Structures are given as C-alpha cells and as structure tokens.
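Summary of structural features
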Amino acid sequence: MTKNTPTGSPKQPPKRPACTLSRPVFFVGFMGAGKTSVSRRLARMCHISSIDLDTYIERREDKKVKDIFAEAGEDGFREIETAVLREFTANDPLLVSCGGGVVKRPENREILKGGGFVVYLKVSADEAQSRISDLSTRPLFNDLDQARRTSAERLPLYEEVADAVIDTAGKSVGRIAAEVRDVLKKEGILWQSQE
Ligand SMILES: Nc1ncnc2c1ncn2[C@@H]1O[C@H](COP(=O)(O)OP(=O)(O)O)[C@@H](O)[C@H]1O
Ligand SMILES: O=C(O)C1=C[C@@H](OP(=O)(O)O)[C@@H](O)[C@H](O)C1
Ligand SMILES: [Mg+2]
C-alpha cells in the first residue's frame, strides 16, 4: 500500500513577521519608565535588534553604572554616555534604550532629535519607585522627594526631544511595547512584512 503523497507546495516553516526599521528608535524617560524592558520586549515581538546604552557602557567599561558614578562622577558617566549615543546614530537602525539622564546635555538632545525617532515613556516618580526593586542600581534615584523634583526638572527636556509620548501608568510592559509598535508602524518607522 502506498501512502498518500502530499500535494501542492512543500511544507513551509511557519511565517513570522520580518521587521525593518527605517531609522534608529530611541527610548527616553525617567528611571523606571520601562525603557530597557519595553525596548527588549518590542525587539522580541518584531524580531529586530535592540541595545541598552547602560548595559553597553557596563560591558565597554567592565564596570557597573553605579561604580562609574562612584569613581568618575556624573560628568565622567555622561562623557561615556554621549560617546556611545553617537555610535548608535551612526550604525544600522535598531531600538536603543537610553538612560534616564541622557536628555540633560544639550549636545545629547541634538543627537537624539537629529538621529532618529524618539519615544518618550512617561511615568510618575511615585510609580517608578514602586517598580524599581533595587534603588542602589540607580545612583541618581535617592529618595522619592528628590526623584519627584528631578522628574519635574527633566519633563520639558523629554518633551523637547519626543516624537511620540506614551503614558505607561498602570500598563504592562507587553501592552506598552504593542502601543510603541503601532505608533512606529503608523509613522512609517517600522515595516512589517511576511517572509
Ligand atoms: N510597565 C511596567 N509595569 C510594571 N513594572 C515595570 C514596567 N516597566 C518596567 N517595569 C519594572 O521596573 C523596573 C525598571 O524597568 P526598566 O525597564 O529597567 O526601566 P528603565 O530602563 O526605564 O529605568 C524593572 O524591574 C522592570 O521589570
Ligand atoms: O536618570 C539618570 O540619570 C540615570 C538613569 C539610569 O538609567 P535608567 O533610566 O535606565 O534607569 C542610568 O543611566 C544612570 O543610573 C543615570
Ligand atoms: Mg534602563
């Protein structure tokens, strides 16, 4: 007895969306806004690459961010941050999660505005504090009163560079990533096709 042979085209692997970015996408916002988590989730969702500036700096310097702050001060950290930020505007477009203080330097704000599409993830200092389990990893998040003040000072800087603003209050990382994906598609930054 012969087995039935399948008809039609050979079995194809399951289709998955192939995405392309037309420009780098930078995530900005206060500490705890979810820049690192959302960028990673979106990268997985769309099969594209992401890079976290703080993680990249830690590998490059072979030191934790908090140790760079302790040894070189905030200015020393900001020097490195500007150098790596420049690298990721020059390379192939990818998702770039920045540190919350990247907007402090006017030079960085110009790089962000000229270098890609900027997504501002908005969070209150209060909600940010409840999300971050180990505040010692954020040398500039000392206590809630100070974080509220820093957050208020930075708000106009985030707004200055933002191409899109997403309020993250009470939303899951997955939901925020899906919202960012939809904005990027609508703006023609993210292209999704079937392989
Ligand atoms: N939308 C969210 N809801 C709940 N927890 C979150 C959310 N986004 C991030 N977190 C948590 O908050 C902490 C800080 O997130 P992270 O992505 O590192 O933020 P950022 O890079 O903006 O400082 C992590 O423990 C992360 O799991
Ligand atoms: O807001 C800031 O000045 C900082 C935010 C941190 O990154 P996250 O925003 O990812 O926590 C990190 O770059 C450093 O501790 C300084
Ligand atoms: Mg981060």
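A quick note: this is a predicted structure, and the numbers were derived from the prediction, not measured.

Next up on the list: helix α7 (residues 173-186). The end-to-end C-alpha separation of α7 is 20 Å, in line with the 20 Å expected for 14 residues at 1.5 Å each. Taken as a whole, α7 has its buried residues at Gly174, Ile176, Ala177, Ala178, Val180 and Leu184.

Attention now goes to the packing of helix α4 (residues 106-115) against helix α6 (residues 144-161). Close contact between α4 and α6 brings their axes to 9 Å; oriented N to C, the two are set at 30°. Relative to α6, the element α4 is oriented roughly parallel. Contacts between α4 and α6 involve Arg109, Glu110, Leu112 and Lys113 on the former and, on the latter, Leu157, Glu160 and Val161. Each residue belonging to the contact of α4 with α6 can be placed in one class, and the counts come to three nonpolar, no polar and four charged.

What follows is about the UniProt feature "binding site: ATP" (unreviewed entry) in the protein chain. Residues annotated in UniProt with the feature "binding site: ATP" (unreviewed entry) correspond here to Gly32, Ala33, Gly34, Lys35, Thr36, Ser37 and Arg138. The subset of these annotated residues that lines the largest pocket comprises Gly32, Ala33, Gly34, Lys35, Thr36, Ser37 and Arg138. Mapped onto the fold, Gly34 is located in the loop between β2 (25-28) and α1 (35-46). With residues near it in sequence (within four places) discarded, Gly34 still touches Ser39, Leu121 and Arg131. Tracing the sequence through the fold places Thr36 in helix α1.

Glancing now at the packing of aromatic side chains. Counted under the stated rule, the structure contains four aromatic pairs. Their ring planes at 50° and their centres at 5.9 Å tell us that Phe30 and Phe141 sit as a pair that is tilted. Pair noted here: Phe30 is in the loop between β2 and α1 and Phe141 is in the loop between α5 (125-131) and α6, with a separation of 111 residues, a long-range link. Each member of the pair, Phe30 together with Phe141, is buried. Centre to centre, the rings of Tyr56 and Phe88 are 4.9 Å apart; their planes meet at 80°, and the pair counts as edge-to-face. Of this pair, Tyr56 sits in helix α2 (residues 53-61) while Phe88 is found in helix α3 (residues 65-90), placing the two residues 32 residues apart along the sequence. On the basis of relative accessibility, which here comes to 6%, the residue Phe88 falls in the buried class.

This paragraph deals with the site of ligand 1. In the region of ligand 1, 14 residues are neighbours, and Gly32, Lys35, Thr36, Ser37 and Lys171 sit closest. A distance of 2.8 Å separates an oxygen atom of ligand 1 from a polar atom in the side chain of Thr36. Between ligand 1 and Ser37 there is a distance of 2.4 Å, counted from an oxygen atom to a side-chain nitrogen or oxygen. Protein coverage of the free-state accessible area of ligand 1, which is 550 Å², stands at 72%. Taking a 2 Å distance to the grid points as the criterion, the majority of the atoms of ligand 1 fall inside the largest pocket. Taken together, the elements giving at least two residues each to the shell around ligand 1 come down to α1 and α7. For the shell around ligand 1, the element with the most residues is α1, which contributes three residues. In the shell around ligand 1, the residues fall into five nonpolar, five polar and four charged.

What counts as what
Residues numbered from 1 in each chain as written. Chains lettered and ligands numbered in written order. Predicted model: local features only at pLDDT ≥ 70, side-chain atom pairs only at ≥ 80, totals over all residues. Heavy atoms only, no water. Helix = DSSP H or I, 4+ residues; strand = E, 2+ residues; numbered from the N terminus. Expected span 1.5 Å × (residues − 1). Buried < 20%, exposed > 50% of the residue type's maximum accessible area, 1.4 Å probe, protein only. Axes fitted to C-alpha atoms, helices over the stretch in contact; angles between N-to-C directions. Parallel < 35°, antiparallel > 145°, perpendicular 65-115°, else oblique. Contact = heavy atoms within 4.5 Å. Nonpolar A, V, L, I, M, F, W, Y, C, P; charged D, E, K, R; others polar. UniProt positions renumbered as here; feature names shortened; annotations may be inferred. 1 Å grid on protein atoms, 1.4 Å probe; cavity = no way out; pocket = protein on both sides within 12 Å on 5 of 7 lines; lining within 4 Å. Phe/Tyr/Trp six-rings, centres within 6.5 Å; stacked < 30°, edge-to-face > 60°. Near = heavy atom within 4 Å. Polar contact = N/O pair within 3.5 Å; in protein donor to acceptor, adjacent residues only side chain to side chain. Areas by Shrake-Rupley, 256 points an atom, 1.4 Å probe, with all protein chains shown as cover. Sits in = over half its atoms within 2 Å of the grid points.

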